Amino acid sequence: MEVIILPTPDEVGRVAAAKIAAVVRKKPSAVIGLATGSSPRGIYADLRRRVEAGEVSFAEAHGFALDEYIGIPLEHPESYASVIDRDVVKPLGFASDRVHVPNGRAAIPAVAANEYDTAIRLAGGVDVQVLGIGTNGHIGFNEPTSSFASRTRIKTLAPSTREANARFFDSIDDVPTHCMTQGLGTILEAGMLLLVAQGSLKADAVAAAVEGPLSSFVPGSALQLHEHAIVVVDEAAAADLQLSSYYRSTYENKPEWQHVA
Ligand code: GLP
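Throughout this description, residue numbers start from 1 for each chain and increase along the sequence as written. This being a predicted model, a pLDDT of at least 70 is required before a residue's local features are given, and a value of 80 or more before pairs of side-chain atoms are given or counted; all residues contribute to the totals for chains, interfaces and linings. Only heavy atoms go into the side-chain values, all of them from the structure, while hydrogens and water stay out.

Visitor: What's the story with the overall build of the protein in this structure? I'm lost.
Guide: Labels follow the DSSP assignment, with helices taken as runs of H or I lasting at least four residues and strands as runs of E lasting at least two, numbered in each case from the N terminus. Secondary structure assignment for the protein yields 8 helices and 10 strands. Against the compact-globule benchmark of 18 Å for 261 residues, the protein has a radius of gyration of 17 Å, which places it among compact chains. Here the C-alpha coordinates of the protein stretch approximately 55 × 40 × 35 Å along the principal axes. A simple rule labels every residue: compare its accessible area, found with a 1.4 Å probe on the protein chains alone, to the largest value its type can have, and call it buried under 20%, exposed over 50%, or partly exposed in between. Every one of the 261 residues in the protein was classed for burial, and the buried ones make up 52%. Between two residues, a contact is recorded if the distance between any of their heavy atoms is within 4.5 Å. For the protein, contacts bridging at least 24 residues in sequence account for 78% of all contacts bridging at least 6. Taken as a whole, the protein presents about 11500 Å² of accessible surface, with 54% of it coming from carbon and sulfur. Taken as two groups, the 22 positive and 31 negative side-chain charges of the protein have centres that lie 4 Å from each other. Radius of gyration means the value over C-alpha atoms here, while the globule rule gives 2.2 Å times the residue count to the 0.38 power. The Shrake-Rupley method, run with a 1.4 Å probe sphere, supplies the accessible areas, and residue values consider only the shown protein chains as cover. We score Asp and Glu as negative and Lys and Arg as positive, and we do not count His or the chain ends. Working definition for charges: the position is that of NZ of Lys, CZ of Arg, CG of Asp or CD of Glu.

Visitor: Where do I start with the site of the ligand in this structure?
Guide: The criterion for a residue being near a molecule or strand is simple. One of its heavy atoms has to lie within 4 Å of it. Near the ligand lie 13 residues; those nearest to it are Ser38, Ser39, Asp67, Arg167 and Lys202. Here a polar contact means two N or O atoms within 3.5 Å. Within protein one must be a hydrogen donor candidate and the other an acceptor candidate, and residues neighboring in sequence count only if both atoms are side-chain atoms. Lys202 has a polar side-chain atom sitting 2.6 Å from an oxygen atom of the ligand. Grid spacing is 1 Å over the protein atoms alone, the probe is 1.4 Å, and a cavity is where that probe fits but cannot get out, while a pocket is an open set with protein on both sides within 12 Å along at least five of seven lines and lining residues have an atom within 4 Å of a point. Assignment of a molecule to a cavity or pocket requires that more than half of its atoms lie within 2 Å of the corresponding grid points. Of the pockets mapped on this structure, the ligand occupies the largest pocket. Residues were grouped as follows: Ala, Val, Leu, Ile, Met, Phe, Trp, Tyr, Cys and Pro as nonpolar; Asp, Glu, Lys and Arg as charged; and all remaining residues, including Gly, as polar. Here the residues of the shell around the ligand sort into 3 nonpolar, 7 polar and 3 charged.

Visitor: Where do I start with the side chain of Arg50 in this structure?
Guide: For Arg50, the location among the structural elements is in helix 2 (residues 41–52). With residues near it in sequence (within four places) discarded, Arg50 still touches Arg14, Ala17, Ala18, Ala21, Glu55 and Val56.

Visitor: Would you explain the side chain of Lys202 in this entry?
Guide: Relative to the helices and strands, Lys202 is located in the loop between strand 9 (192–197) and helix 7 (203–211). Salt bridge, as used here, is a side-chain nitrogen of Lys or Arg placed within 4 Å of a carboxyl oxygen of Asp or Glu. Buried within the structure, Lys202 lacks any salt-bridge partner; Asp234 is the closest side chain of opposite charge, at an N-O distance of 9.6 Å. When neighbours within four sequence positions are excluded, Lys202 is seen to be in contact with Ser39, Ile133, Gly134, Thr135, Ala197 and Ala237.

Visitor: Which parts of the structure should I look at to understand helix 1 (residues 9–26)?
Guide: The periodicity of an α-helix, 3.6 residues per turn, causes residues three or four places apart in sequence to face the same way. In this analysis, the expected span of each helix is defined as 1.5 Å times one less than the number of residues it contains. Relative to the 26 Å expected for 18 residues at 1.5 Å per residue, helix 1 spans 26 Å between its end C-alpha atoms, a close match to the ideal helical length. Of all the positions in helix 1, only Val12, Gly13, Val15, Ala16, Ala17, Lys19, Ile20, Ala21, Val23 and Val24 are classed as buried.

Visitor: What should I look at first to understand the pairing of strand 3 (residues 62–65) in this one?
Guide: When a strand is regular, its side chains alternate between the sheet's two faces. At least two DSSP bridges between two strands are required for those strands to pair. Of the pairings in the sheet, the one linking strand 2 (residues 31–34) to strand 3 comprises 4 bridges and is parallel in character. Bridge pairing links Val31 to His62 in strand 3. Handedness is read with the strands pointing away from the viewer; a crossover is right-handed when the path from the first strand over the helix to the second is clockwise. Taking the sense of rotation as the criterion, the β-α-β connection linking strand 2, helix 2 and strand 3 turns out right-handed. Examined bridge by bridge, strand 3 and strand 5 (residues 99–100) share 2 bridges and lie parallel to one another. Note on strand 5: the bridge partner recorded for Gly63 is Val99.

Visitor: What should I look at first to understand helix 2 in this one?
Guide: Taking 1.5 Å of rise per residue, 12 residues should cover 16 Å, and helix 2 covers 17 Å from first to last C-alpha, within 8% of that figure. Those residues of helix 2 that fall on the buried side of the exposure criterion are Ile43, Tyr44, Asp46, Leu47 and Arg50. Projection of helix 2 onto a plane perpendicular to its axis shows the buried side chains occupying an angular sector of 165°, all on one side. Against the buried residues of helix 2 lie helix 1, strand 2, helix 3 (80–92), strand 6 (128–131) and strand 9. Positive backbone phi, approximately 75°, marks Gly54, located one or two places after helix 2. The directions from the helix axis to the C-beta atoms form the arc being described.

Visitor: Would you take a moment to explain the packing of aromatic side chains for this structure?
Guide: The geometry of two aromatic rings is summed up by the distance between their centres and the angle between their planes. Aromatic contacts are taken between Phe, Tyr and Trp rings whose centres are within 6.5 Å, Trp giving its six-membered ring; a plane angle under 30 degrees counts as stacked, one over 60 as edge-to-face, and the others as tilted. For the coordinates displayed, the defined rule picks out 7 aromatic pairs. Measuring from centroid to centroid gives 5.5 Å for Tyr69 and Phe141, while their planes differ by 45°, and the two rings are tilted. In this pair, Tyr69 sits in strand 4 (residues 67–70) while Phe141 sits in the loop between strand 6 and strand 7 (153–156), placing the two residues 72 residues apart along the sequence. Given the relative accessible area of 1%, Tyr69 is considered buried. For Phe141, a relative accessible area of 2% corresponds to the buried category.

Visitor: Mind showing me how you'd approach the pattern of salt bridges here?
Guide: Side chains that carry opposite charge are capable of pairing whenever their charged atoms lie near each other. Taken as a whole and assessed by the stated rule, the structure comprises 15 salt bridges. As a salt-bridge pair, Arg14 and Glu11 come within 3.0 Å of each other at their nearest N and O atoms. Highlighted residues: Arg14 and Glu11, both in helix 1, separated by 3 residues, approximately one helical turn. Judged by its relative accessible area of 34%, Arg14 falls in the partly exposed class. You can call Glu11 partly exposed: its relative accessible area is 24%. Residues joined by salt bridges that share partners form a network here, namely Asp46, Arg49, Arg50 and Glu55.

Pasting the structure below:
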């Protein structure tokens, strides 16, 4: 795992965006795993700047969102289908028919979840998966105790997740109780995992995911099983890391030949 500690949230977005842009320049039809939430917003803003500057194009790229709520209509402004369309598809110029979000409105959600997992495989797999992390260590909506072998499926949201996401709704009662999320096993099949976190509220979860024991109680620790996981954090989110000086000096002195992406 590579851990990159940067001074500001803007730098986190810029450095993570540069990695995605490099993947897409090399493979214009790359499959990007898309995360919602506030953490990746800086990435999408920086990618938009790069698209407008003609540095990269997502016109041929594909996208698969990590997760979706169950129980809110497609056109709800906080459905992840709406968020992905607003924050990613339109600003970055993805072709909307190449971007997929789990169908939280399916008559038989378990079937839709299986089909989503299969669709990712049929698309050739995710090349780079963008991830945030919840304060309870979740990635996607894989709440604590999610199996490392899990596939796309229905989950019940943890109370702390519903509280954290209440800011996007009128009241906590409006936050859905269930979701459909790519599983940890699904996420681990991506070619590269790119997790970003900013702010002191994420410090515990980042330290537990990066340096703690491998545990389904901290779903983010699944990154330790991946051969190409990159964690990009600002100073505040890095505050609880024990080996921060090692990560800093490794990044600052990284020779050109050590760059794999
Ligand atoms: C959300 C999403 C996750 C996200 C996490 C952190 O509920 N399902 O994909 O990474 O929780 O959210 P934020 O980035 O807003 O802190």
